[in-house]
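Single-letter residue listing:
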Amino acid sequence: METTSFKEGQKISGYIVNRICPLPTIDSVLIELSHKQTKARHIHIANKDTENTFGVFFRTVPKDSTGVAHILEHTVLCGSAKFAVRDPFFSMIKRSLSTFMNAFTASDWTMYPFASQNKRDYYNLMDVYLDAAFFPNIDDLSFKQEGHRLELLETEGQESELEYKGVVYNEMKGAMSSPSQVLSRSILASLYPDTTYSNNSGGEPADIPKLSHEALKAFHARYYHPSNSYFYTYGSFPLEATLAVLEKKVLGRFDYLEIDSAVPAQPRWDTPRKQIQAYAYSDPDDLTQKYQTCMAWLTCDIKDSFEILVLTVLEQILLGNAASPLRKALIDSNLGSALSDATGFDADNRDTMFACGLKDIAKESIPKVEEIIFSTLRQVATTGIEQQLIDSAIHQIEFYRKEITNTPYPFGIKLLLSFAGTMIHDGDPVSCINIDDDLETLAHKIRQGGFLEERIVHYFLENPHRVLFTLEPDNQLEKNQADATRSELKALLATLTPDDLSIIKQDSAALELLQESEEDLSSLPTLDLADVPPDIEIIKPDRIKDIDFSTCYDKATSGILYFTCPVGAGNIPVDLFPLVPFFANAFTNSGTKKSSYSKIAETMDLYTGGVSLSPFSGSYFSKGADAHSFLALQGKALDRNIDRLFDMMDEFVNQFGFQDQDRLKSLLLQYQSGMESSIVSAGHRYAISLSARHLSKASHINELWHGIDQFQLIKKITGQLTDPDTSKTALDTLSSNLTTIAGSLFRQDNLKPAVIGSTQALHQADQRISRLHAQLSQFEKNPEKRSENTFYTPDIDLDTQRPYDGWYTNTAVSFVGQSFKTVRITHKDSPGLAVISKILRSLYLHREIREKGGAYGGFAIYNTEEGIFSFGSYRDPHIKRTLDVYKKACDYITRGEFTQTDVKEAILQVCSDIDKPETPGPAAMKAFYRDITHLSNEIRQHFKDTLLQLDKNRIQEIAKTYFTIEEDQKGISVISSKTLLEEANKALEADNRPPLRLIKI
């Protein structure tokens, strides 16, 4: 590693090395530097990881809810001094092999991070990011596009109306349609009324139009200065070269500036408070059980690493699993469906906070929830915390410190996010990683007795700085907000002069001209196809002496063993097949014949990193393309706990039980609540799934298991539980059905186990797996069904009717999905379809749906497994217009309105997806499942070889083959509000097109 060449006090490229600190748990060294001239701070984490990360971030402290920090994050990425193009950020996505590119706005910081394995790419991206952050254009038209603008619309009566548009405006309309977002933002406003956290840094839709272009530029001038900046680098690239670039391109061009951006501590209260906030819920028949309530406390300062650890441990003890006393008391009360949104310990703000509560409760249950919270905390503080709960909490911290993964972000990005809040409040980032001293101090205090109990008293029972927060449904709120916006715009229109109206029209025309214009992107750096490694990464199982039963991967996994075992779903009765996802959820969470669910939860957290059962459906990549379906039984544990892990596996497989009907009811309600919350936050995925459900057996099962079909099934079952006359029968039936499913799974020859870890751990695990398998009975032989494809799918009828529907729910924006059939990865045209998906998203949908239409995003997705091509939009103010864009996108790609350079850049994007790195454990897991689904290395290599040889002519040939199909062959599904769907249907009928079939979610 390069760290041996550095010494504390060393001067390099305008910097001074302040500290060098080993980070043994992640085999790294942290180097802390400061820039002498500007006082910019820099953290470098040096190690052998080839996925290198760069980030620059600023402390940004909004004083209102106009979304100034969020809109600025968008706008600085719309062109800069050196790269004077319309959208260098999205253009670089096309010209890069990055493994991560994004920007984040938090409550009190704004960050611009990226990651790449390619050194040339790394410095290309750094150049663009630095120029964007420190020397952006922030022109008026970019502000209008990304933030907000007024546009004039001609109505049917030829009268003019004003309309608000803008990417962030529509993004936040979508975000604030989500109860979880409303609750989280409102708690901050309630708990921190005197600091920046009382403002919505993302922007309140009603306040966003108040932001001026001048205020946006002033915010940049105030906060985006090196003296208020924090730099971060991670990985194997030499630090010296990065520092030299920073000095030359940015820091050497600035002097020190005194900037007061510090966030003060929130003044503490003497008495608790209460707060009620309404949220939009449109169903008037379903309001009574749609309240949420939670108690939120202000806790310790973010810089106090020891108290952060204490509260992290208390969170795990009180809420971490089904046996945790506070979670158990709340869920077992049967007052609500699941823990409230925002439940848990939040250590991201200057003053940290802790919250817990229940969702889907009745209004009269609010005081009952408050009483449960405090009576449980008093009981725990008085009777003491069981040692096993403490040991379990410490074990979970130990496990996740050891486990290094690139999910959901590259590990370097995850590290940065873990200490960014501490760093910007002048805390020590090392304290967030090296916690051994704090753990030792905690262990000592716990041994003395009563320490954690005293902390419960201090932080919760005797802490007056707390809010009892209630979220109440309002079925008129969405209408009232829309009416208020219309009235505001109508009043504004009445004040505008002809000159004002002319300016609005001129701005709209200028913005449209800018969005349509062809740009010279030659100023932007790029990569060549020669920079792409031609070969795929191949991971093969290891042949290990005396191991014949399990598939083994001998990998360096930091002392963690990973176990995975697909279990065929083909013998599940057809009528029970839709129940599979809930069965998987209940299997490890409802207890066994031997142990209660709470005992299982305690044991799982004490000895493992988790045990789960997850359903998967798809099509084999072999020529037959038969549908497969299986459930993956998975677990992971530290090497010292391997036997404990397989004790649990034995119990789940051989002692499964679904007798605890109260627990089953509770799990159903939690499961339904989780799905309901995800519909608005991931509406594009649901819309695409709905639109593709008729195109293959596997896509039908995917919708059945993971889509709106699944939500409606669960909603139907939970509806039976609310009726006393049907509840007992429904639970009896459910219990019996789950038992039947389990009995159809765990038989010999229906499992294919794999283990990943060190050689010794693999031997130990294989012995236990062999013993477990030997205890299982065999299936009766059925030669008609058994084949080389072990994980076959039951004979399920596929609904082949083309979807053309609109699904309505509680949302102020839309998600528009469209899908049609193409070919799979084994076909010669498949690489071209992957390239077309990137071209359409980058060159057409981004401009038409995001820039012009104001949606947060537009997508083109090619599914190589099923041979399905899909369009989707996210947080979209339009429906009919977006469907028109999809049709025009097909015309665009078949006309060949793109260049060879565009094809090259799309190939780079596909290669970036193919070559995205993984840590050893997850990488081996993915290789194993490629083998299971017959995605051979030959298929993968042939795909990449063909991909790298594509040119414009070949892409246009492929486009004409698949993108000229009739519109009535494409499935369409939209998720939106009923009002927006009805408006879309009027527009469709006016265009002589059939209306969408409206269905309530």
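Before reading on, note that the structure itself is shown above.
All of the points below concern the structure found in this document. Just so we're clear, the structure is a prediction, and the values are computed from it rather than from any experiment.

Criteria and thresholds
- Residues numbered from 1 in each chain as written.
- Predicted model: local features only at pLDDT ≥ 70, side-chain atom pairs only at ≥ 80, totals over all residues.
- Heavy atoms only, no water.
- Helix = DSSP H or I, 4+ residues; strand = E, 2+ residues; numbered from the N terminus.
- Rg over C-alpha atoms; globule rule 2.2 N^0.38 Å.
- Buried < 20%, exposed > 50% of the residue type's maximum accessible area, 1.4 Å probe, protein only.
- Phe/Tyr/Trp six-rings, centres within 6.5 Å; stacked < 30°, edge-to-face > 60°.
- Lys NZ or Arg CZ within 6 Å of the ring centre and 35° of its normal.
- Lys, Arg positive; Asp, Glu negative; His and termini not counted.
- Salt bridge = Lys/Arg side-chain N within 4 Å of Asp/Glu carboxyl O.
- Polar contact = N/O pair within 3.5 Å; in protein donor to acceptor, adjacent residues only side chain to side chain.
- Contact = heavy atoms within 4.5 Å.
- Expected span 1.5 Å × (residues − 1).
- Arc of directions from axis to C-beta.

1. Considering the overall build of the protein chain
Line of reasoning, step 1. Counting its secondary structure elements, the protein chain contains 34 helices and 28 strands.
Line of reasoning, step 2. For the protein chain, whose C-alpha radius of gyration is 29 Å, the value lies close to the compact-globule estimate of 30 Å for 1001 residues.
Line of reasoning, step 3. Overall, the C-alpha framework of the protein chain stretches about 80 × 70 × 65 Å when taken along its three principal axes.
Line of reasoning, step 4. Here the protein chain, with 1001 residues, has 59% of them falling under the buried criterion.

2. A closer look at the packing of aromatic side chains
Line of reasoning, step 1. By the definition in use, this model includes 51 aromatic pairs.
Line of reasoning, step 2. Measuring from centroid to centroid gives 5.8 Å for Y232 and F419, while their planes differ by 65°, and the two rings are edge-to-face. You can see Y232 sitting in strand β11 (residues 229-235) and its partner F419 sitting in helix α13 (residues 411-424), a full 187 residues away along the chain. This pair shows no difference in class: Y232 is buried, exactly as F419 is.
Line of reasoning, step 3. On the numbers, 5.0 Å between centres and 15° between planes, the contact of F871 with Y886 is stacked. Highlighted residues: F871 in strand β26 (residues 868-874) and Y886 in helix α29 (residues 880-895), separated in sequence by 15 residues.
Line of reasoning, step 4. In this arrangement the basic side chain of K39 is found over the ring face of Y256, its NZ or CZ atom lying 4.6 Å from the centre.
Line of reasoning, step 5. Over the ring of F820 we find K970, and its NZ or CZ is 5.4 Å from the ring centre.

3. Observations regarding the side chain of D108
Line of reasoning, step 1. Position of D108 among the secondary structure elements: in the loop between β7 (104-105) and β8 (109-116).
Line of reasoning, step 2. Buried charge without a partner: D108 forms no salt bridge, and the closest opposite charge is R59, 7.9 Å away.
Line of reasoning, step 3. Polar contacts involving the side chain of D108 include one to the side chain of H425, which spans 2.8 Å.
Line of reasoning, step 4. Setting aside residues no more than four positions away along its own chain, D108 makes contact with F58, R59, T60, Y197, V263, D348, N349, R350, I424 and H425.

4. A few points about helix α15 (residues 436-448)
Line of reasoning, step 1. The first and last C-alpha atoms of α15 sit 19 Å apart over 13 residues, in line with the 18 Å expected at 1.5 Å per residue.
Line of reasoning, step 2. Of the residues making up α15, those classed as buried are D438, L439, L442 and I446. Taken end-on, α15 shows its buried residues confined to a sector of 100°, consistent with a single buried face. Seen from the buried face of α15, the exposed residues on the opposite side, beyond 90 degrees, are D437, E440, R447 and Q448.
Line of reasoning, step 3. The inward-facing, buried residues of α15 contact α9 (305-319), α12 (387-402) and α16 (451-461).
Line of reasoning, step 4. Remark: G449 follows α15 within two positions and exhibits a positive phi of approximately 100°.

5. Examining the pattern of salt bridges
Line of reasoning, step 1. Applying the stated criterion across every chain, the model contains 55 salt bridges.
Line of reasoning, step 2. With a shortest N-O distance of 3.0 Å, K210 and D207 are connected by a salt bridge.
Line of reasoning, step 3. E967 is the salt-bridge partner of K970, the closest N and O atoms lying 2.7 Å from each other.
Line of reasoning, step 4. The partly exposed category is assigned to E967, whose relative accessible area is 27%.
Line of reasoning, step 5. The network of salt bridges with shared partners includes E516, R847, E848, K852 and R881.

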